[in-house]
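Residue-level listing of the chains:
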Amino acid sequence: MIESFQKNKKGILMMIVSSICACVGQLLWKLSAVEGIMMMLAGFVLYGIGALVMIAAYRFGKLSVLQPILSLNYVLSIVLAALVLKEEVTIIKCIGVLVLIAGVVLIAGGDEE
């Protein structure tokens, strides 16, 4: 498992950065409904940076390891919704987040070759 992380480390880190940029970009889109067009444009810029980082990340790891890491978008979305938008996080959502994180760890660490 640790060998897989080491082999794909740079790609994994880049995919996490991509996921963060995409989620924050989407949050800014949501906030732009109240805050205005500058927030929307900032969201597009962040989302675009996330997409470019994701494309570059594929050079540094296997697709079967890196692609599932994008499911961290769902985890980050729930965290941002709770912290920034003050949305309620239920126990079911918490369980879902834990299952997603466990899946990502298992897939990212399961690259045996």
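1. Remarks on the packing of aromatic side chains
Working step 1: Taken as a whole, this structure holds 2 aromatic pairs when the rule is applied.
Working step 2: Relative to Phe 44, the ring of Trp 29 lies with its centre 5.1 Å away and its plane at 55 degrees, an arrangement referred to as tilted. Note that Trp 29 is positioned in helix H2 (residues 9-35) and Phe 44 in helix H3 (residues 37-57), a separation of 15 residues in sequence.
Working step 3: Judged by relative accessible area, Phe 44 falls into the partly exposed class, the value being 49%.
Working step 4: Taken together through their ring pairs, the aromatic side chains of Trp 29, Phe 44 and Tyr 47 make up a single cluster.
Working step 5: One residue, Lys 10, lies across the ring of Phe 60, its end atom 4.3 Å from the ring centre.

2. Observations concerning the confidence of the model for the protein
Working step 1: In this model, the protein carries an average pLDDT of 88, and 91% of its residues clear a pLDDT of 70 or more.
Working step 2: Element-level mean pLDDT values for the protein span from 68 in helix H1 (residues 2-7) up to 95 in H3.

3. Here's the deal with the environment of Pro 68
Working step 1: For Pro 68, the position within the fold is in the loop between helix H4 (63-66) and helix H5 (72-83).
Working step 2: Judged by relative accessible area, Pro 68 falls into the partly exposed class, the value being 24%.
Working step 3: Here the alpha-carbon distance between Pro 68 and Ile 107, two residues 39 residues apart in the chain, equals 7.3 Å.
Working step 4: Each residue touching Pro 68, except ones within four places of it in the same chain, is listed here: Leu 63, Val 104 and Ile 107.

4. Considerations on the nonpolar core
Working step 1: With 14 residues, the main nonpolar core has Ile 12, Met 15, Leu 66, Ile 69, Leu 72 and Ala 108 as its most contacted residues.
Working step 2: For this core, the elements supplying multiple residues, two or more each, are H2, H3, H4, H5 and helix H6 (91-108).

5. Notes on unusual backbone geometry
Working step 1: With a phi angle near 60 degrees, Lys 86 is a residue other than glycine that sits in the positive phi range.
Working step 2: Inspection of the secondary structure puts Lys 86 in the loop between H5 and H6.
Working step 3: By relative accessible area, Lys 86 is classed as exposed at 66%.

6. Some remarks on the environment of Gly 103
Working step 1: Of note, Gly 103 is situated in helix H6.
Working step 2: Classification of Gly 103 as partly exposed rests on a relative accessible area of 27%.
Working step 3: Residues Gly 103 and Ile 69, 34 residues apart in the sequence, show an inter-C-alpha distance of 9.1 Å.

What counts as what
Residues numbered from 1 in each chain as written. Predicted model: local features only at pLDDT ≥ 70, side-chain atom pairs only at ≥ 80, totals over all residues. Heavy atoms only, no water. Phe/Tyr/Trp six-rings, centres within 6.5 Å; stacked < 30°, edge-to-face > 60°. Helix = DSSP H or I, 4+ residues; strand = E, 2+ residues; numbered from the N terminus. Buried < 20%, exposed > 50% of the residue type's maximum accessible area, 1.4 Å probe, protein only. Lys NZ or Arg CZ within 6 Å of the ring centre and 35° of its normal. pLDDT = per-residue confidence, 0-100. Contact = heavy atoms within 4.5 Å. Core = buried A, V, L, I, M, F, W, Y, C linked by side-chain atoms within 4.5 Å.

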